[in-house]
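Each chain is listed here by its residues.
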There are 2 protein chains.
Amino acid sequence: MKALVVGGAGFIGCHLCEALLKEMEVVCVDNFSGTARGPVSRLEGKAGFTLCQADASVQKELDRVFGAEAPDQVFHLAANSDIRRSASDPEIEYRNTYTTTFRVLSCMRRYHVKRLFFASTSAVYGDKRGVVLTEETAMLSPISYYGAAKLGSEALIHAFSYMDELEALIFRFPNVTGPGLTHGVIFDFIHKLQKDPGHLQILGDGRQTKPYLYVTDLISAITGQMKAVKPGVSLYNVGARGSTSVKRIADLVCEEMGLWGVEYSYTGGESGWKGDVPGFCYCVDKIRATGWQASLSSDEAVQRTVREYVRGQKQMGTGER
Amino acid sequence: MKALVVGGAGFIGCHLCEALLKEMEVVCVDNFSGTARGPVSRLEGKAGFTLCQADASVQKELDRVFGAEAPDQVFHLAANSDIRRSASDPEIEYRNTYTTTFRVLSCMRRYHVKRLFFASTSAVYGDKRGVVLTEETAMLSPISYYGAAKLGSEALIHAFSYMDELEALIFRFPNVTGPGLTHGVIFDFIHKLQKDPGHLQILGDGRQTKPYLYVTDLISAITGQMKAVKPGVSLYNVGARGSTSVKRIADLVCEEMGLWGVEYSYTGGESGWKGDVPGFCYCVDKIRATGWQASLSSDEAVQRTVREYVRGQKQMGTGER
């Protein structure tokens, strides 16, 4: 078996490549636009691992990889990861999130590859506060260009799955956290507090509340479900118990960094930025019915991420400049 | 007031330009890829009408039009119209259906145009036989590349509407018929019978059953609803009473053409081609609650289309070669 991981050098992609490599050959494709080459390079030289630099939004670059590598299954995680940035430039989502999906599917069609995993997102639902989000929730209305490009990608997968007989697994990710994190609120808070340990500026009113999932829990869900993927499209919300507010994240970061009496200031408003969904409540009954569940709650996922991040920086001798 | 009609030279676009021209200036943009220049050229020279050749999937071409014309509202109907053809080349939908929507929205964002009409389709639902399709039907899963590109376009409109404060009206069209029709089952049957009046080949088993809407009924719905469009996205199914099977269309075409005893043959299978939804049942209560209703039933719409088409050909001296 050979897996192609598109966007495999990103935060989640690296963990996925590492896990898949225990069971099969892995080809990691990335354009290294959003990520340092660092994390995935620790896999270079390992038996069964191949790293290809290619832009998945460019058909001929992806054709080259499919032609040379002939994968049996594809894990498509390539997307814009800086959602705040695309709020001022929707072209980023058109190219990096939607077009990459179209190109991956077009290659699968041409090279007769039938199994696909796709990383979707809670952002496809839009702002549906007061509703428990299940896979059957109607009237999806994303409020970010990112969410729109992911929902458009899901629509493509439905059509290609029918027309080209794919077996496709779609997970709608919540916030994902853990070792190797490169952006997001936890990452930002640690870096802000390292610069100024007495004060922390919080975007919004701090009450934005979302579920966080520890990355290795997510990886076990992906690899487990892909073993049993069925014809057509299987779609799941994935998440852990509970959810964590931005204020609570600030408290956990301060606690893990050993900082007391930090003064918080708030930029105000219910969202961190325009297009950011302030909170959602995820139903994960469907995936739990398959036997999978997260080992860490949302709060525990946040706490462990901070602890490991800070410890990692201390070992590297960075972080306290 | 100035309206920009993107894809305005197509079958529905022509009727829309003509109707809008009674009340405002109209700029028609088309690349004339799918249509003869003929039908819309009858509007050329009329006061308030401008015709621009531009490819709406190319940002700089559309920028030029927005910059020069400064429209107050946009009617976006540009899309691939030959759905059978894109079944063997999904790139057509990526470019002509999805990308045109992204480009139109990007221009609206940059040029601060706030009112949009978008032509969506029943194909966004996928194959949901046994379900009455309402705007709140969940788990949309298009089975054609066309339906996927339209659903992706709807997702874009939700996000741009939120981020850029648009007032957007989306109609999910059923099959639309009437004068100027350029393709589809009615068009095909007439042409087949003109070539061979003794025999008609029918794609599928003839039991595919869908609602047909007469084009001027659709235009009255569009122009009426756009006058009262609200902030955010308003989404409606549009349709007439009843639906019409392909076998019934064959009977109506033969009757209107004065042909009796035509032998039918069927290619078999429940769909005309892969990706064609064999039938659907549309709930149009939401739009009827606004006071609009179609003047013709589905059968009447088909019948009148055939009658006018055949009469038009006789007047033009074409059709009976």
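Refer to the structure presented above.
Residues numbered from 1 in each chain as written. Chains lettered and ligands numbered in written order. Predicted model: local features only at pLDDT ≥ 70, side-chain atom pairs only at ≥ 80, totals over all residues.

Peer 1: Even after reading the chapter, I still don't get the environment of Asn31 of chain A, so can you show me in this structure?
Peer 2: Residues and elements named next belong to chain A. Mapped onto the secondary structure, Asn31 falls in the loop between strand E2 (25-30) and helix H2 (38-41). Owing to 20 C-beta atoms within 10 Å, Asn31 belongs among the buried residues under this scheme. In this structure, the C-alpha to C-alpha distance between Asn31 and Ala54, residues 23 residues apart in sequence, is 5.1 Å. (Helix = DSSP H or I, 4+ residues; strand = E, 2+ residues; numbered from the N terminus. Buried ≥ 20, exposed ≤ 12 C-beta atoms within 10 Å, placed from the backbone.)

Peer 1: Help me understand the relation of the copies chain A and chain B in this model?
Peer 2: The two chain copies are connected by a rotation around an axis plus a translation along it. Placing chain A over chain B gives an RMSD of 0.0 Å and needs a rotation angle of 180°, together with 0.0 Å of translation along the axis. What the superposition gives is, in effect, a two-fold axis relating one chain to the other. The fraction of interface residues of chain A whose copies in chain B are also interface residues reaches 100%, indicating that both copies meet through the same surface. (Least-squares fit on C-alpha atoms with pLDDT ≥ 70 in both. Contact = placed C-beta atoms within 7 Å.)

Peer 1: Explain the interface of chain A and chain B to me, please; I cannot follow it from the model alone.
Peer 2: It is common to report an interface's size as the accessible area lost on association of the parts. Contacts between the two partners involve 29 residues from chain A, matched on the other side by 29 residues from chain B. Mapped by element, the contributors of at least two residues to the side of chain A that touches chain B are helix H5 (91-111) and helix H6 (145-164) of chain A. When residues of the side of chain A that touches chain B are assigned to their parent elements, the largest contribution, 11 residues, is made by H6 of chain A.

Peer 1: Honestly, the pairing of strand E5 (residues 115-121) of chain A in this entry has me stumped. Any pointers?
Peer 2: Every regular strand shows the same layout, with side chains that alternate between the two sheet faces. Residues and elements named next belong to chain A. A large share of E5 lies buried, amounting to six of its seven residues. Where strand E4 (residues 73-76) meets E5, four bridges bridge the pair, whose relative direction is parallel. Opposite Gln73, over in E5, you have Arg115 as the bridge partner. As defined by bridge partners, E5 adjoins strand E7 (residues 167-173) across seven bridges and the pair is classed as parallel. Bridge pairing links Thr121 to Phe173 in E7. (Pairing = 2+ DSSP bridges.)

Peer 1: Can you walk me through the packing of helix H9 (residues 246-256) of chain A against helix H11 (residues 298-316) of chain A in this structure?
Peer 2: What describes two packed helices is the angle between their axes and the distance between those same axes. Residue and element names in this part refer to chain A. Packing of H9 against H11 brings their axes to within 9 Å, and their N-to-C directions diverge by 35°. In the crossing of H9 with H11, the sense of the turn from one axis to the other is right-handed. Side by side, H9 and H11 meet where Arg248, Ile249, Leu252, Val253 and Glu256 of the first sit next to Asp299, Val302, Gln303, Val306, Arg307 and Val310 of the second. Class assignment of the residues belonging to the contact of H9 with H11 gives a composition of six nonpolar, one polar and four charged. (Axes fitted to C-alpha atoms, helices over the stretch in contact; angles between N-to-C directions. Left-handed = near helix turned anticlockwise from the far one by under 90°. Nonpolar A, V, L, I, M, F, W, Y, C, P; charged D, E, K, R; others polar.)

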